[in-house]
Protein chains: 8
Amino acid sequence: MQWTVYLSGEIHTDWRQQLMNGCEARNLPVSFTSAVTDHEASDSAGDVLGKAENQFWRDHRSAKVNAIRIRTLISNCDLAVVRFGEQYKQWNAAFDAGFCAALDVPYITLHDESIVHPLKEVDAAAMAWATTPEQVVEILEYVTSQQ
Amino acid sequence: MQWTVYLSGEIHTDWRQQLMNGCEARNLPVSFTSAVTDHEASDSAGDVLGKAENQFWRDHRSAKVNAIRIRTLISNCDLAVVRFGEQYKQWNAAFDAGFCAALDVPYITLHDESIVHPLKEVDAAAMAWATTPEQVVEILEYVTSQQ
Amino acid sequence: MQWTVYLSGEIHTDWRQQLMNGCEARNLPVSFTSAVTDHEASDSAGDVLGKAENQFWRDHRSAKVNAIRIRTLISNCDLAVVRFGEQYKQWNAAFDAGFCAALDVPYITLHDESIVHPLKEVDAAAMAWATTPEQVVEILEYVTSQQ
Amino acid sequence: MQWTVYLSGEIHTDWRQQLMNGCEARNLPVSFTSAVTDHEASDSAGDVLGKAENQFWRDHRSAKVNAIRIRTLISNCDLAVVRFGEQYKQWNAAFDAGFCAALDVPYITLHDESIVHPLKEVDAAAMAWATTPEQVVEILEYVTSQQ
Amino acid sequence: MQWTVYLSGEIHTDWRQQLMNGCEARNLPVSFTSAVTDHEASDSAGDVLGKAENQFWRDHRSAKVNAIRIRTLISNCDLAVVRFGEQYKQWNAAFDAGFCAALDVPYITLHDESIVHPLKEVDAAAMAWATTPEQVVEILEYVTSQQ
Amino acid sequence: MQWTVYLSGEIHTDWRQQLMNGCEARNLPVSFTSAVTDHEASDSAGDVLGKAENQFWRDHRSAKVNAIRIRTLISNCDLAVVRFGEQYKQWNAAFDAGFCAALDVPYITLHDESIVHPLKEVDAAAMAWATTPEQVVEILEYVTSQQ
Amino acid sequence: MQWTVYLSGEIHTDWRQQLMNGCEARNLPVSFTSAVTDHEASDSAGDVLGKAENQFWRDHRSAKVNAIRIRTLISNCDLAVVRFGEQYKQWNAAFDAGFCAALDVPYITLHDESIVHPLKEVDAAAMAWATTPEQVVEILEYVTSQQ
Amino acid sequence: MQWTVYLSGEIHTDWRQQLMNGCEARNLPVSFTSAVTDHEASDSAGDVLGKAENQFWRDHRSAKVNAIRIRTLISNCDLAVVRFGEQYKQWNAAFDAGFCAALDVPYITLHDESIVHPLKEVDAAAMAWATTPEQVVEILEYVTSQQ
């Protein structure tokens, strides 16, 4: 079985790349999907549909275009990894986690110990909490390949 | 029809009370439910089950006890109002919003204009964005009582 | 058992009233629900949330506020009656019918013979096609009260 | 991932062809499905099952045969595009949109600005509103291929 | 808890009455629902909607009107009892059983030993097979009232 | 798209073969699935699990083994064809039809005009009624291959 | 809101009574449901349907009659408490827990520390693990009544 | 059609291997999936995520990592075989059976006659009870390959 893993959250560090490299190095049967991670492109995803009336509606239109992709990919994945970094609000990552929880899509959180308390509800619904991409790679190896 | 409205998010201001007062003043057919909003009580919800091994597991145990209440109430409500304040991470509010979205429970967001951009995914899946409790009361009056 | 019947579609004739009167006259165990049928109120349902940027977003905001009510009431009803009149596009009525069909909510269409052809897909998924409110009343009497 | 896009609505202009050509020119990983778009063939889809008793039952029988195809394809698609033209009632397109909305199948509407008001409920449940096939092609490129 | 029991199948003997009498005599917390059991009324349920084109469409129209009632009541019941008699095809009873099975509505079959073999698929999905109404009453007493 | 069609019902005539030959002759993109149609084999499907205590339990055990296959194949098909012949009770065919109806699996009935009345509930939930395998082949060609 | 709590598992100690007494003493808005807990009655639940062919079929028939009650009550409850004692296999309790997990019915396990290891999968899907009925009462008070 | 069969339960005998060998010898179109069956590896599945605070939390963390695999594989299988041996509590096997039952995943139990009574609820929801792997192989041959 080929596993599909959706990568949600932080876009300002290279955790996605580390995770993909780690799985590739171990030759795991895992494919990755993700929202668009180019910040500019994501914010302007709906601009082709018309000029911005104001910030709210510009964001609204782009967020809905992005949602076409995000919801389809989350609904199709076998597992999600949701990453919370040190900076920014990252409400979209928590939103994705809630979405997974309601759909019974299992997910792993990836974040530092310093934000354990504000993430307690998100972690409580997760299947695991990891602090490094390497730990996630080990979990993926176990889940997909251990006899 | 009596409507049940779940109130999610910020617990450090009196927005819940304002909203309930407004609905009561107009005599609307609305009942309200909510997570436990006493911060201390919420954080120690699981303490009766054993002494804390460390911060993560204490939070974990309490968050799961709270989830018994939260998920049941969200699944039973007709509408949710999700409030984001100026302070704190409030990832649980975004998590609730994602949970509602996946279950097709309609929700209204309540937050200032200053945080429109980081909330764009949460707002994009909402049925409305309000900035004051009074606006939410007016929407509730319209939805539940307008002929 | 008390039956809940959702009335969808045309708002410019008194078919709702005829139907309700007919059921009341026969003392049927039926309650009725409906979208807001005051055209002005419906179009301005979202205006309390901000001034209109343009026609599209004004309509968008109001339509979503109305959807809070419509989707909840359709999801809670036992049967819907969807009325198509001679005038106007009435795409919302056809939209409601599609929504019912996908949720397995049974519905009856109410329209003249002159528009049988363009309504063929909507009628094909309906449980019955009636041409007068009185026929619907008779069906409701049979469904709810015949031994 | 190969995306499957269902094309619903107007059959009297070449918007389907424009959209398919545009995606092919950009080599997008998209497959298209659709109801039968040959008007004659569609209206007579059920004639093989018996001679027509009257217009209603002929339409009924054909619409149900068409529904075998339509519902299966909508249920299997990742995204729908629903086109409303200037002419005809097009209630089937609005019906398809309602069906998608209830099944959480994301859809994009494609129509001119002149019919924004009567389509407000249909647009409110859509993920995007486009006015030209080329805009839809750009959205599809973004959704399926942007990194 | 008040239990709702749907009674499906044979309409030419008094098994429904025996069952209801038995439950009443024991004062069980059970309410009963059923399709229309007046054969004439059932066959003409759709006649109010128009004159019959031929036997097939008359039956079709009436069967759909009856289905409004049947599906709603089956979906709302806690348990169904499906009765097969000696005579007639009774395909509607087997259809109801299949419908229950797919919706995870538990059902009890009620029939003589002589038709065990042709009913094997229907019995295999049932929670119990009884040969007399009195046995069903005893099961109902146990299920609803035993401590 | 390759369509999967489940063939339910009568096993004493060659309608399955006619239907498969017809589709093969037209080179349609259709695969067929079916319950075991060897009567002997079907009745003894559970005998490997133990000797028969009596007729009821032998049938019960075999019917459940057959149900493993039937339910999986029905749940996986795109369309079912349900055949009723002149002889036998054929309650399993009606049961399959009810199962399809509840799961929103579209189905076509195939039977003579002489049994229209007892099959009215089964036909009312079908997408089409055919009287010959050739008609079904034509419907399949239309549904799967018409542009 | 009145909460319905299903009590599953061990029937040889008085934990149910302790739990109910504790909730009554605190006047909590909780109703309790349960399988039949009279061992004799439960084992003979199906005997009214015929004499036992052998142990397997007697158990089978009784277990299915019991399942009518158990599945209905589990599907209708807001929360389950699953108790594992020192003795017996108690596979039915673990079966109920798996059933709850798949239906997203939250449950609390109640068992001693000595059997933590063999119950790890059951506990991992639970919302809480308690060792005494009094702890469960405290959780119920918090969940149902804390502001 | 290739069938996917999930093998649940006992890990201390070679029943999985016997079953796989038997299917391979008959060249059946069956693929097998399973939880990790290396006891050591399974118990330490979560150790990579942190050092054990105590037995409960170590088990908890590992059981959740294992659940990522188990739930995905059960949800994706066509049939499960659940094996109960003579030793150990095997509550996870009964939990898997309950999970299957609630999801309508058919399953076969595999156990000796000596434990028929404590397994009556688990067997009552199963499609078959076998006592040897060879019987299961025969059932699989019948289900997947009999014409």
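Residues numbered from 1 in each chain as written. Chains lettered and ligands numbered in written order. Predicted model: local features only at pLDDT ≥ 70, side-chain atom pairs only at ≥ 80, totals over all residues. Heavy atoms only, no water.

As named in an unreviewed UniProt entry, chain A is YtoQ family protein, taken from Allohahella marinimesophila.

**Student:** It is not clear to me how the relation of the copies chain H and chain B should be interpreted in this structure. Could you clarify?
**Tutor:** The second copy of the chain is related to the first by a rotation about an axis and a shift along the axis. Superposition of chain H onto chain B requires a rotation of 180° combined with a translation of 0.0 Å along the rotation axis, giving an RMSD of 0.0 Å. On the angle and the small slide along the axis, the relation comes out as a two-fold axis. Scanning chain H for the C-alpha nearest the rotation axis identifies Glu-53 of chain H, at a separation of 3.2 Å. Of all interface residues in chain H, 100% are interface residues in chain B too; the two copies therefore contact each other through one and the same surface. (Least-squares fit on C-alpha atoms with pLDDT ≥ 70 in both. Contact = heavy atoms within 4.5 Å.)

**Student:** Is there a simple way to think about the interface of chain H and chain B in this case?
**Tutor:** The extent of an interface is frequently quoted as the accessible surface area lost upon association of the parts. On the chain B side, the residues contacting the 6 residues of chain H number 6 residues. Both sides of the chain H and chain B interface together cover about 560 Å² of buried area, and 59% of this is carbon and sulfur. The largest share of the area that chain H buries against chain B comes from Glu-53, Trp-57 and Lys-64 of chain H, three residues that together contribute 75% of it. Counting across the chain H and chain B interface gives 0 salt bridges. Inspection of the chain H/chain B interface yields 4 residue pairs in polar contact (both at pLDDT 80 or more). Taken together, the residues of the side of chain H that touches chain B sort by class into 1 nonpolar, 2 polar and 3 charged. (Buried area = accessible area lost by both parts, 1.4 Å probe. Salt bridge = Lys/Arg side-chain N within 4 Å of Asp/Glu carboxyl O. Polar contact = N/O pair within 3.5 Å; in protein donor to acceptor, adjacent residues only side chain to side chain. Nonpolar A, V, L, I, M, F, W, Y, C, P; charged D, E, K, R; others polar.)

**Student:** Would you explain the packing of aromatic side chains in this entry?
**Tutor:** The geometry of an aromatic ring pair is captured by two quantities: the separation of the ring centres and the angle between the planes. Enumeration according to the criterion identifies 36 aromatic pairs over all chains in this entry. Relative to Phe-56 of chain D, the ring of Trp-129 of chain C has its centre 4.5 Å away and its plane inclined at 25°; by these criteria the two rings are stacked. A residue pair is termed interchain when its members come from two chains, as with Trp-129 of chain C in strand S5 (residues 128–130) and Phe-56 of chain D in helix H3 (residues 55–76). Using a relative accessible area of 15% as the deciding quantity, one classes Trp-129 of chain C as buried. Assessed through its relative accessible area of 10%, Phe-56 of chain D is described here as buried. The structure contains a cluster of three or more aromatic residues connected by ring pairs, namely Phe-56 and Trp-57 of chain A, Trp-129 of chain B, Phe-56 and Trp-57 of chain C together with Trp-129 of chain D. (Phe/Tyr/Trp six-rings, centres within 6.5 Å; stacked < 30°, edge-to-face > 60°. Helix = DSSP H or I, 4+ residues; strand = E, 2+ residues; numbered from the N terminus. Buried < 20%, exposed > 50% of the residue type's maximum accessible area, 1.4 Å probe, protein only.)

**Student:** Please clarify how the interface of chain B and chain A should be interpreted in this entry.
**Tutor:** Of the residues lining the interface, 37 residues belong to chain B; the matching set on chain A comes to 37 residues. Among the residues of chain B in contact with chain A, Phe-56, Trp-91 and Phe-95 of chain B are the three that bury the most area, contributing 23% of the side total. Viewed at the interface, chain A and chain B are joined by 2 salt bridges. When the shortest N-O distance is used, the salt bridge between Asp-43 of chain B and Lys-120 of chain A registers 3.7 Å. Looking at the side of chain B that touches chain A, the elements that each hand over two or more residues are helix H2 (39–43), helix H3 (55–76), helix H4 (91–103) and helix H5 (120–124) of chain B. Broken down by element, the residue count for the side of chain B that touches chain A peaks at 10 residues, all from H4 of chain B. Within the side of chain B that touches chain A, the residues separate by chemical class into 21 nonpolar, 7 polar and 9 charged.

**Student:** Help me understand the state of the cysteines in this model?
**Tutor:** Residues and elements named next belong to chain G. Scanning the model with the defined rule gives 0 disulfides over all chains in all. Residue Cys-100 stays outside any disulfide, its sulfur separated by 5.7 Å from that of Cys-77, the closest cysteine. Residue class for Cys-100 comes out buried when judged on its relative accessible area of 1%. (Disulfide = S-S within 2.5 Å.)

**Student:** I tried to follow the relation of the copies chain B and chain A on my own but got confused; where do I start?
**Tutor:** Overlay of chain B on chain A (RMSD 0.0 Å): rotation 180°, translation along the axis 0.0 Å. Comparing interface residues between copies, 100% of those in chain B also lie at the interface in chain A; the contact surface is shared.

**Student:** Could you clarify how one ought to interpret the arrangement of the chains in this entry?
**Tutor:** Contact between chain A and chain E is absent, and the least distance between their C-alpha atoms amounts to 20 Å. Taking C-alpha atoms only, the smallest gap left between chain C and chain H, which are not in contact, amounts to 20 Å.

**Student:** Can you walk me through helix H4 (residues 91–103) of chain H in this structure?
**Tutor:** Along an α-helix, residues three or four positions apart point the same way, because every turn accommodates 3.6 residues. Compared with an ideal rise of 1.5 Å per residue, which puts 13 residues at 18 Å, H4 of chain H spans 18 Å between its outermost C-alpha atoms and is within 8% of the ideal. Asp-104 of chain H lies just past H4 of chain H and shows a positive phi near 60°. (Expected span 1.5 Å × (residues − 1).)

**Student:** Hey, could you run me through the side chain of Thr-144 of chain B in this one?
**Tutor:** All names here are of chain B. Relative to the elements of secondary structure, Thr-144 occurs in helix H6 (residues 133–145). Residue Thr-144 is classed as buried on the basis of its relative accessible area, which comes to 16%. In this structure the side chain of Thr-144 is engaged in a polar contact, spanning 2.8 Å, whose partner is the backbone oxygen of Leu-140. If near-sequence neighbours (up to four positions away) are discounted, Thr-144 is found in contact with Trp-3, Leu-28, Pro-29 and Val-30.

**Student:** So what exactly am I meant to see when it comes to the pairing of strand S4 (residues 107–110) of chain B here?
**Tutor:** Within a regular strand, the side chains alternate between the two sheet faces. Residues and elements named next belong to chain B. Residues Tyr-107 and Thr-109 of S4 are buried on one face, and the alternating residues Ile-108 and Leu-110, pointing to the opposite face, are buried as well. The pairing of strand S3 (residues 79–83) with S4 spans 4 bridges and is parallel. Bridging across to S4, Ala-80 finds its partner in Tyr-107. At this point the chain moves from S3, through H4, to the parallel S4, and the crossover so formed is right-handed. Pairing between S4 and strand S5 (residues 128–130): 3 bridges, direction parallel. Its bridge partner lying in S5, Leu-110 is registered against Ala-130. (Pairing = 2+ DSSP bridges. Right-handed = clockwise from strand over helix to strand, strands pointing away.)

**Student:** Looking at this structure, how should I read the sheet that holds strand S5 (residues 128–130) of chain A?
**Tutor:** Remark on secondary structure: sheet strands pair via backbone hydrogen bonds, oriented parallel or antiparallel. Residue and element names in this part refer to chain A. Here we have 5 strands laid out as an open sheet, ordered S2-S1-S3-S4-S5, and parallel in their pairing. With partners counted over all chains shown, the strands left at the sheet margins are strand S2 (30–34) and S5, one partner each. The sheet shows a mean angle of 25° between the axes of neighbouring strands, direction not considered. As paired elements, strand S1 (residues 3–9) and S2 share 5 bridges and run parallel to each other. Paired with Val-5 across the two strands is Phe-32, which belongs to S2. (Axes fitted to C-alpha atoms, helices over the stretch in contact; angles between N-to-C directions.)

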